Amino acid sequence: MQECENISARQQGLKSEIIAAEHYKNLGFQIVGQNQKLFGVEVDLIAYCDHWVLVEVKSIADLDNLSYRLCHKQKKRLLKVRHLLEDQTQQAVELRIFYVSREKHLELAIEDHECC
């Protein structure tokens, strides 16, 4: 029973990443990576237009209690990756968190996101 639930959660995560990728493509970004490691940290989505955007994608049931979906350690790792990529490319790097629920999606800057 638990194995089926894990597969379902994995499938939902992949579906959410596809929705996020389509969102950024519609904004004019080129998707240059999905589930890739940058400086040892896995990034769900890497997009580029005139600047880099690193996206953490979260599947959620509803938009309540968002602060519990991104922990402090994860936020800290993503901020470190942003600084390293900015140093390497000499370009601005934006960090975003993209929430996908059944009804809608929500995009936030990671810096504006409160952690648990």
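What counts, and at which threshold
- Residues numbered from 1 in each chain as written.
- Predicted model: local features only at pLDDT ≥ 70, side-chain atom pairs only at ≥ 80, totals over all residues.
- Heavy atoms only, no water.
- Helix = DSSP H or I, 4+ residues; strand = E, 2+ residues; numbered from the N terminus.
- Buried < 20%, exposed > 50% of the residue type's maximum accessible area, 1.4 Å probe, protein only.
- Contact = heavy atoms within 4.5 Å.
- Areas by Shrake-Rupley, 256 points an atom, 1.4 Å probe, with all protein chains shown as cover.
- Expected span 1.5 Å × (residues − 1).
- Pairing = 2+ DSSP bridges.
- Axes fitted to C-alpha atoms, helices over the stretch in contact; angles between N-to-C directions.

Draft legend 1. Spatial organisation of the overall build of the protein chain. A tally of regular secondary structure across the protein chain gives two helices and five strands. If you list the helices and strands of the protein chain from N to C, you get α-β-β-β-α-β-β. The buried share of the protein chain, reckoned over its 116 residues, is 37%. Summarising the internal contacts of the protein chain: among those between residues at least 6 apart in sequence, 54% fall at separations of at least 24. When the accessible area of the protein chain is evaluated, it comes to approximately 7400 Å², of which 48% is carbon and sulfur surface.

Draft legend 2. Main features of unusual backbone geometry. For asparagine 35, which is not glycine, the phi torsion reads 50° and is therefore positive. Note on placement: asparagine 35 falls in strand E1 (residues 30-38). Residues other than glycine seldom take positive phi values, yet phenylalanine 39 does so here, at roughly 55°. Tracing the sequence through the fold places phenylalanine 39 in the loop between E1 and strand E2 (41-48).

Draft legend 3. Fine view of helix H2 (residues 72-89). Relative to the 26 Å expected for 18 residues at 1.5 Å per residue, H2 spans 26 Å between its end C-alpha atoms, a close match to the ideal helical length. Taken together, the buried residues of H2 touch E1, E2, strand E3 (52-59) and strand E4 (93-100).

Draft legend 4. Looking closely at the sheet that holds E3. Taken together, the five strands give an open sheet; going across it, the order is E1-E2-E3-E4-E5, and neighbouring strands pair in mixed fashion. The open sheet has two edge strands with one neighbour each: E1 and strand E5 (105-109). Mean inter-strand twist for the sheet, computed between neighbouring axes without regard to direction, equals 30°. Taken together, the eight bridges between E3 and E4 define a ladder with parallel strand orientation. Note that in E4 the partner of tryptophan 52 across the bridge is valine 93. The sheet strands contacting H2 are E1, E2, E3 and E4, and the helix crosses E3 at an angle near 160°.

Draft legend 5. Quick peek at the environment of glutamine 36. Mapping glutamine 36 onto the fold places it in strand E1. When the C-alpha atoms of glutamine 36 and isoleucine 46 are compared, they prove to be 8.1 Å apart, with ten residues separating the residues in sequence. In contact with glutamine 36, not counting residues within four places along its chain, are Val41, Glu42, Val43 and Ile46.

Draft legend 6. View of the pairing of E1. With seven bridges connecting them, E1 and E2 associate as antiparallel partners. Looking at E2, one finds that isoleucine 31 is bridged to alanine 47. Between E1 and the antiparallel strand that follows it, E2, lie two residues; phenylalanine 39 among them carries a positive phi value of about 55°.

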